[in-house]
Amino acid sequence: MKRQIPLIIVITLGFMFVAHSFIPHTISQDFLTWFQDWMKAISPFAVVLGIMSLFMVHGKKISYKAPNWQYSIVTLAGLIFTALTGFIWGTQAGTPYMWIFKNIQMPMSSTMFALLAFYIASAAYKAFRARSPEATVLLVAAIIVMLGQVPLGTMISKWIPISSKWILNVPNLASKRAIMIGVGLGMTATSLKILLGIERTYLGGGD
Amino acid sequence: MFEIISNTVAAFFTLSIFSFLYKDNPFYKFAEALFVGVSMGFAIPLVYENAFIPFVYTPIFLGHKFSLIIPSLLGLLYTFRFSKNLSWLSRYPIVFGMGIVGMGVPMSIHSSVLVQMRSAMLPLDTVNTALIFIGTVTILLYFFFSKDHKGVYGKFTNVGVWFMMIGFGASFGYTVMARISLLIGRIQFLVGDWLGFIK
């Protein structure tokens, strides 16, 4: 019963919402509003699960003195300190909380992504060496799109920005559209599997 | 003076992350560990202010909607996830969220399939619209694995591969430019805001 009751709840709610999509009666609209209020009240508690998980993982590393356990102290100290600044001084501009965001979180976040520029370049060199016609097409399309975004492209030829725009609006659109249709069909199939009780991995392991 | 200290702190963490380009080192590990902690710590007050207060505290304690105590208790069941004997209780808040997939079936069919198909079947009055139609159809044929990609059918699917390669190239180009833009931003910060070489 520990698995069956949650499964019955999903199937019942799922089919009710399918029905609501086709028959948006006032009663089902009220039910949806009520359900959304309940979901909004449940959702903040998911953060508690995230915090518990982080504390358990890093707490274990610290207690067992696992390799690099010292950095786990940094993680937990950073978490506690940042959260406390938000609770004590508020989250408005000019508070210590926003200072941490502006001078610690944001620089590290954008540098992490900037770092990928180097790795993406080396990965591209390995992957795109024009060893097949398809790889050459990919390489040429990427170069044209990149050059089309910067003034250098216009300086080389006025056709580069025009070609870049055409690539983005025609073959790229066809590619994205076909992939979107595939994703849509995949989402529908997965949703149906959940509704029919075939897909149950979200219930987790155990009894 | 305060701005100089703030910029120096930001520059220290920027350079610590960049130091990974040389090799994994204690500065990078320190910055990485702090980044995880600070990011999570940053989210907690935001969730408290933007989700807990408006959707739990205010309606229950100020709006007297006591029925919301039930979903709040359901939300607390998440915490049993790590209990050996009571982890099954954490399924209840999860399944309430999963119920919404019922709406996902008609919505995904409509927005991702029907709307896209309708857009692809617009009057094929120009070369570009015809190319978009051919590209979409041939890519979809490529993903149909119930038939061998041989002969005439194989030729069609090969056209789809070419369209996909151009699409992937365009996506790659865009991603690279976004990353380069961030890199330029960080270098501008280091050289301009921090060291003051760019006025």
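Model, not experiment: these values are computed from the prediction.

**Brief notes about the overall build of chain B**
When you go through chain B residue by residue, the secondary structure sums to seven helices and zero strands. Secondary structure elements of chain B occur, N-terminal to C-terminal, as α-α-α-α-α-α-α. The C-alpha radius of gyration computed for chain B amounts to 27 Å, which surpasses the reference 16 Å derived for 199 residues by more than 25%, pointing to a less compact arrangement than a globule. Expressed as lengths along the three principal axes of its C-alpha atoms, the size of chain B is roughly 65 × 60 × 35 Å. For chain B, the exposed area adds up to about 11,200 Å²; of that, 73% sits on carbon and sulfur atoms. For chain B, the separation between the mean place of its 13 positive charges and that of its 7 negative charges on side chains is 12 Å.

**Observations concerning the overall build of chain A**
Along chain A, the regular secondary structure elements total nine helices and zero strands. Each helix and strand of chain A, placed in order from N terminus to C terminus, yields the pattern α-α-α-α-α-α-α-α-α. A globule of 207 residues ought to have a C-alpha radius of gyration of about 17 Å, yet chain A, at 26 Å, is considerably larger. Structurally, chain A occupies a C-alpha span of about 65 × 55 × 40 Å along its principal axes. Across the 207 residues that make up chain A, the buried fraction comes to 39%. Total accessible area on chain A stands at roughly 11,400 Å², and carbon and sulfur atoms take up 73% of it. Of the charged side chains in chain A, 16 are positive and 5 negative; the average position of the first set lies 17 Å away from that of the second.

**So, the interface of chain A and chain B**
In this assembly, 108 residues from chain A lie in contact with 105 residues from chain B. For the pairing of chain A and chain B, the buried interface totals around 9,900 Å² over both sides, and the portion due to carbon and sulfur atoms is 81%. Taken as a group, Trp38, Phe45 and Met108 of chain A account for 7% of the area that chain A buries against chain B, more than any other trio of residues on that side. There are one salt bridge connecting chain A and chain B. Aspartate 37 of chain A is the partner of lysine 65 of chain B in a salt bridge, and the nearest nitrogen-oxygen pair spans 3.7 Å. Remark: the boundary between chain A and chain B carries 12 residue pairs in polar contact (both at pLDDT 80 or more). When contributions to the side of chain A that touches chain B are tallied by element, the ones reaching two or more residues are α1 (4-22), α2 (26-42), α3 (45-63), α4 (69-89), α5 (96-128), α6 (133-148), α8 (159-169) and α9 (171-195) of chain A. Within the side of chain A that touches chain B, the residues separate by chemical class into 74 nonpolar, 26 polar and eight charged.

**A closer look at the packing of aromatic side chains**
Counted according to the given criterion, the structure contains 22 aromatic pairs over all chains. Ring centres of tyrosine 97 of chain A and phenylalanine 42 of chain B lie 4.7 Å apart, and the angle between their planes is 5°; on these two criteria the pair is classed as stacked. Separated into two different chains, tyrosine 97 of chain A in helix α5 and phenylalanine 42 of chain B in helix α2 (residues 26-62) make up a pair that spans both. According to the relative accessible area criterion, tyrosine 97 of chain A is buried, its value standing at 0%. Looking at phenylalanine 42 of chain B, the relative accessible area reads 13%, which means it is buried. Geometrically, the ring pair formed by tyrosine 142 of chain B and phenylalanine 143 of chain B is edge-to-face, given 5.2 Å between the ring centres and 80° between the ring planes. Classification of tyrosine 142 of chain B as partly exposed rests on a relative accessible area of 26%. Relative accessible area serves as the criterion here: at 44%, phenylalanine 143 of chain B is assigned to the partly exposed category. Cluster of aromatic residues (ring-pair linked, three or more members): Phe17, Phe31, Trp34, Phe35 and Trp38 of chain A together with Phe96 of chain B. For the cation-ring pair, lysine 147 of chain B lies above tyrosine 153 of chain B, with the distance from its terminal atom to the ring centre recorded as 5.4 Å.

**As for the nonpolar core**
If you look at the biggest cluster of nonpolar residues, it comprises 31 residues, and the most contacted ones within it are Tyr202 of chain A together with Leu74, Val95 and Phe96 of chain B. Going through the elements one at a time, α1, α2, α3 and α9 of chain A together with α2, α4 (91-98) and α5 (101-120) of chain B are the ones with two or more residues in this core. With six residues, the top contributor of residues to this core is α1 of chain A. Counting 19 residues, the second-largest nonpolar core is a separate cluster that includes Tyr71, Val74 and Ile104 of chain A together with Leu34 of chain B.

**A closer look at the domain arrangement of chain A**
What the domain assignment reports for chain A is domain 1 (4-107) and domain 2 (115-185). Just the C-alpha atoms count here: the centres of domain 1 of chain A and domain 2 of chain A sit 37 Å apart.

About the criteria used
- Per chain, the residues get numbers from 1 upward, laid out in the order the sequence is written.
- A letter from A marks each chain and a number from 1 marks each ligand, given out in the order of writing.
- At least 70 in pLDDT is required for a residue's local features to be given in this predicted model, at least 80 for side-chain atom pairs to be given and counted, and no such filter applies to totals for whole chains, interfaces and linings, which use all residues.
- The basis for every side-chain value is the complete set of heavy atoms in the structure, and neither hydrogens nor water enter the calculation.
- For the purposes of this entry, the term helix denotes a DSSP run of H or I that reaches at least four residues, the term strand denotes a run of E that reaches at least two, and both are numbered from the N terminus.
- Taken over C-alpha atoms, the radius of gyration is set against a globule rule of 2.2 Å times the number of residues to the power 0.38.
- Surface exposure here means Shrake-Rupley accessible area, sampled with a 1.4 Å probe, where a residue is shielded only by the protein chains that are shown.
- Under this rule, positive means Lys or Arg and negative means Asp or Glu; His and the chain ends count for nothing.
- For this purpose, a charge sits on NZ of Lys, CZ of Arg, CG of Asp or CD of Glu.
- A 1.4 Å probe rolled over the protein chains alone gives each residue an accessible area, and that area as a share of the maximum for its type sets the label: buried under 20%, exposed over 50%, partly exposed in between.
- Note on contacts: a residue pair is in contact if any heavy atoms of the two residues lie within 4.5 Å.
- Two parts lose some accessible area (1.4 Å probe) when they are put together, and adding that loss for both gives the buried area.
- Salt bridge, as used here: a side-chain nitrogen of Lys or Arg that lies within 4 Å of a carboxyl oxygen of Asp or Glu.
- Contacts described as polar in this section are N or O atom pairs within 3.5 Å, which, within protein, must combine one atom able to donate a hydrogen with one able to accept it, while residues neighboring in sequence count only if both atoms come from side chains.
- Residues are sorted three ways: Asp, Glu, Lys and Arg are charged, Ala, Val, Leu, Ile, Met, Phe, Trp, Tyr, Cys and Pro are nonpolar, and all the rest, Gly among them, are polar.
- Only rings of Phe, Tyr and Trp enter the pairing, Trp through its six-membered ring, and a pair is recorded when the two centres are within 6.5 Å. The plane angle decides the type: under 30 degrees is stacked, over 60 is edge-to-face, the rest tilted.
- Here, a charge over a ring is recorded when the distance from Lys NZ or Arg CZ to the ring centre is within 6 Å and its angle to the ring normal is within 35 degrees.
- The criterion is simple. A nonpolar core is a set of buried Ala, Val, Leu, Ile, Met, Phe, Trp, Tyr and Cys residues joined through side-chain atoms within 4.5 Å.
- Domain limits in this description derive from either an automatic procedure or a database domain assignment.

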